[in-house]
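This is what each chain is made of:
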Amino acid sequence: MTASSTSAPRTGEGAAVDLAGVNKWFGDLHVLKDIDLSVERGEVVVVIGPSGSGKSTLCRAINRLETIDGGSITLAGEPLPEEGKALARMRSDVGMVFQSFNLFAHKTVLENVTLGPIKVRGAKRAEAEEKARRLLDRVGVGHQAEKYPAQLSGGQQQRVAIARALAMDPQLMLFDEPTSALDPEMIKEVLDVMVDLARGGMTMIVVTHEMGFARTAADRVVFMSDGAIVEENTPDEFFTNPRSERARDFLAKILKH
């Protein structure tokens, strides 16, 4: 995937997501510090950095699972709604995949994937099921449609979670450490699905420790530390020539292993 140059200033015009001067505190802890970030439609942005750097909070703020204490967030040019039906509508356009799979244990795989389209989008059951089966096939778990989540491996459950998010036809996909709860042999099967999505033109913000994914699928790597964006660049530039000492230290530690 060709990474575009990111040296030009980003205006946020026509952006899928635009964050301007975003701040967030948890008590006395300043977890997001004046975050400016614009993600264009079809762009894949991978957010990396040490634990506690604010990456997951950033991801959750975009979906308003965390409120912000300053600044603004717009999605497709529209301000993030405060609450109510407008917020629910916005959330239905933003798919989110978490560390934990958050599937409904008492519903089959197929029911998990069709629930949103039927309840939120008003889709007819037959149409929702046909689409769900297509998406489950796409992520490689179509043969598991009638099973319950507990009957699946962690990697399979996470792929179902991705299919469930895609069933809502999202404008944007947020991934918050989607492979961190998985056994090593299951990580690749989930990352392969994510690479396929990236290559298909899905707008994605991915918080991950998987540097191989960042190199392969990202248009841009954003490096966070201590609640701030320290630097951002194309994967090639970031991994071969990090500009900040903090990024160099981080890469030296993780790339040794």
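Residues numbered from 1 in each chain as written. Predicted model: local features only at pLDDT ≥ 70, side-chain atom pairs only at ≥ 80, totals over all residues. Heavy atoms only, no water.

J.: I'm lost on unusual backbone geometry in this one. Help?
T.: Glycine aside, a negative phi is what most residues show, and trans is what most peptide bonds show. The phi dihedral of E177 is positive, around 50°, even though this residue is not glycine. A relative accessible area of 8% means that E177 is categorised as buried. For D226, which is not glycine, the phi dihedral falls at a positive 55°. Looking at where D226 falls in the secondary structure, it is placed in the loop between β9 (220-225) and β10 (228-233). (Buried < 20%, exposed > 50% of the residue type's maximum accessible area, 1.4 Å probe, protein only. Helix = DSSP H or I, 4+ residues; strand = E, 2+ residues; numbered from the N terminus.)

J.: What am I meant to see in the packing of aromatic side chains here?
T.: Aromatic rings in a pair are described by how distant their centres are and how their planes are angled relative to each other. Under the counting rule described, the total for this entry stands at three aromatic pairs. Measuring from centroid to centroid gives 6.0 Å for F223 and F238, while their planes differ by 35°, and the two rings are tilted. Here the residue F223 occupies a position in strand β9, and F238 occupies one in helix α8 (residues 235-240), the gap between them amounting to 15 residues. Judged on exposure class, the residue F223 and its partner F238 are both buried. A ring pair is formed by F238 and F239, whose centres lie 5.3 Å apart and whose planes are at 80°; its orientation type is edge-to-face. This pair shows no difference in class: F238 is buried, exactly as F239 is. An aromatic cluster of at least three residues, connected via ring pairs, comprises F223, F238, F239 and F250. Of note, R215 hangs over the ring of F239, and the distance from its end group to the ring centre comes to 4.4 Å. (Phe/Tyr/Trp six-rings, centres within 6.5 Å; stacked < 30°, edge-to-face > 60°. Lys NZ or Arg CZ within 6 Å of the ring centre and 35° of its normal.)

J.: Looking at this structure, how should I read the sheet that holds strand β6 (residues 94-97)?
T.: Sheet strands line up and pair through hydrogen bonds in the backbone, either parallel or antiparallel. Read from one edge to the other, the open sheet built from six strands follows the order β6-β7-β8-β3-β9-β10, with strand pairing classed as mixed. At either margin of the open sheet sits one strand with a lone partner, and together these are β6 and β10. Between one strand axis and the next, the sheet turns through 15° on average, direction left out of account. Pairing between strand β3 (residues 44-48) and β9: four bridges, direction parallel. Its bridge partner being in β9, V45 is matched across the sheet by R220. Against the sheet, helix α1 (residues 55-62) contacts β3, β6, β7 (172-176), β8 (204-207) and β9, and its axis sits at roughly 150° relative to β7. (Pairing = 2+ DSSP bridges. Axes fitted to C-alpha atoms, helices over the stretch in contact; angles between N-to-C directions. Contact = heavy atoms within 4.5 Å.)

J.: Explain the confidence of the model for the chain here, please?
T.: Keep in mind that low pLDDT regions are not for reading the predicted coordinates in detail. Chain-level statistics for the chain give a pLDDT mean of 91 and a share of 94% at 70 or above. Low pLDDT, under 50, characterises residues 1-12; the stretch is placed with 24 contacts to residues that sit more than four places away or in other chains. (pLDDT = per-residue confidence, 0-100.)

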